[in-house]
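Results of the structural survey
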Amino acid sequence: MTTTRRARRTVRSAALVAVVAAAALSLTACQSGGSGGSGGGKDGAAGQEQKASASATQATGSGSGSGSGSGSGKNAADVQTRTLAPTRTGTPTPAATTARTAAPVRTRTLADGSKAEIYRLGAEHYRAKIVSRGAVLATIETGRSDAGLDANDMFVVLTLGGDVHSWMGGGHTGPGTFRLAGGWTAKVTKVGELRYRAQILGNDGSVDATLEANQHDVGLDANGVYIVLSAGGVISAHE
């Protein structure tokens, strides 16, 4: 009987040792996993701290306008300053170029005392402004031919070469055939409302030139004889 009880105690002791050992192993494993988890937590906290630091740095850089930001913010401000900087002194601006281009190439005094300011717009392309006491009274412009104007019985011709010629009076009102200065003959016909045509005839009756005034006056340099035909059918010539 005594021997049997000892054997049972021995078995129970062995079982208890095994349970204790298993518990010890389980506790060790939990501590190891916990330390690993805490390490991972530390790493996660460190990553968050780095992200927060980076966000703070970016926020500080974006606020560089106050002078306390990062270098990247200052570079952006410098770029804007250079972009908005005014033109350097001495560099021609479009306004200055236009001002030079708009200056008349010559000014001529006309028969009634007014001035003709002549501007060159291109090859055989000129414009004349008739100016009196600072006011522009009329403007004529050459295109593919000479230009003319009847300005209250003062006649003006602007040639393709930019020359201007003016005279007073000597007009004939068409329709009709009229003898002009320089030996020319003009046959004036009415084509329509404010539209007249003048055929410039030579000594043999040939048509050497034709003027047609359609809503505006026209002019011609006929070998040094200047002719104007108005939209009202008035024609005049001068050498």
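Description of the structure in this document. (Residues numbered from 1 in each chain as written. Predicted model: local features only at pLDDT ≥ 70, side-chain atom pairs only at ≥ 80, totals over all residues. Heavy atoms only, no water.)

Along its length, the protein chain carries three helices and 15 strands. Counting all 239 residues of the protein chain, 26% fall into the buried class. The contacts of the protein chain with a sequence gap of at least 6 include a subset with a gap of at least 24, amounting to 32%. Split by element, the accessible area of the protein chain, about 15300 Å² in all, is 52% carbon and sulfur. (Helix = DSSP H or I, 4+ residues; strand = E, 2+ residues; numbered from the N terminus. Buried < 20%, exposed > 50% of the residue type's maximum accessible area, 1.4 Å probe, protein only. Contact = heavy atoms within 4.5 Å. Areas by Shrake-Rupley, 256 points an atom, 1.4 Å probe, with all protein chains shown as cover.)

Rolling a probe over the atoms, with the probe sized like a water molecule, indicates the empty space that remains. Estimated volume of the largest pocket: approximately 230 Å³. In this structure, the largest pocket is lined by 17 residues; those nearest its centre are Asp 146, Ala 147, His 216, Asp 217 and Val 218. Of all the secondary-structure elements, those providing two or more residues to the lining of the largest pocket are strand 4 (135-141), strand 5 (147-151) and strand 13 (218-222). Grouping the constituent residues of the lining of the largest pocket by class yields six nonpolar, seven polar and four charged. (1 Å grid on protein atoms, 1.4 Å probe; cavity = no way out; pocket = protein on both sides within 12 Å on 5 of 7 lines; lining within 4 Å. Points joined across faces, edges and corners; volume = space filled by probe spheres on them. Nonpolar A, V, L, I, M, F, W, Y, C, P; charged D, E, K, R; others polar.)

This paragraph deals with the nonpolar core. Nonpolar side chains in soluble globular proteins tend to end up buried together. Residues Leu 180, Val 188, Ile 200, Leu 211, Ile 227, Leu 229 and Ile 235 are the most contacted members of the largest nonpolar core, which totals 18 residues. Elements that contribute at least two residues to this core include exactly strand 10 (185-192), strand 11 (195-201), strand 12 (207-214), strand 13, strand 14 (225-229) and strand 15 (234-238). Membership of the second largest hydrophobic core comes to 14 residues, among which are Ala 116, Ala 128, Ala 138 and Ile 140. (Core = buried A, V, L, I, M, F, W, Y, C linked by side-chain atoms within 4.5 Å.)

Next up on the list: the sheet that holds strand 7 (residues 164-168). Where strands meet in a sheet, backbone hydrogen bonds hold them as pairs that are either parallel or antiparallel. In space, the three strands of this open sheet follow the order 5-6-7, with antiparallel pairing throughout. Both outer strands of the open sheet, strand 5 and strand 7, are each paired with one neighbouring strand and no more. Across this sheet, the average inter-strand angle for adjacent strands is 15 degrees, counted without regard to direction. Where strand 5 meets strand 6 (residues 154-158), five bridges bridge the pair, whose relative direction is antiparallel. (Pairing = 2+ DSSP bridges. Axes fitted to C-alpha atoms, helices over the stretch in contact; angles between N-to-C directions.)

The next point concerns the pattern of salt bridges. If you walk through the whole model with that rule in mind, you get three salt bridges. When the shortest N-O distance is used, the salt bridge between Glu 141 and Arg 127 registers 2.9 Å. One end of the pair, Glu 141, is in strand 4; the other, Arg 127, is in strand 3 (residues 125-132), and 14 residues separate them in sequence. Here Glu 141 falls in the partly exposed class, since its relative accessible area comes to 36%. The partly exposed category is assigned to Arg 127, whose relative accessible area is 28%. (Salt bridge = Lys/Arg side-chain N within 4 Å of Asp/Glu carboxyl O.)

Checked against the element boundaries, Ser 236 lands in strand 15. Separated by 67 residues in the primary sequence, Ser 236 and Gly 169 have C-alpha atoms spaced 7.5 Å apart. The residues contacting Ser 236, other than those within four sequence positions of it, are Phe 155, Trp 167, Gly 169, Gly 170, Gly 171, Tyr 226, Ile 227 and Val 228. Looking at Ser 236, its side chain comes within polar contact range of the side chain of Trp 167, at 2.9 Å. Reaching out from Ser 236, the side chain makes a polar contact with the backbone oxygen of Gly 170 at a distance of 3.2 Å. (Polar contact = N/O pair within 3.5 Å; in protein donor to acceptor, adjacent residues only side chain to side chain.)

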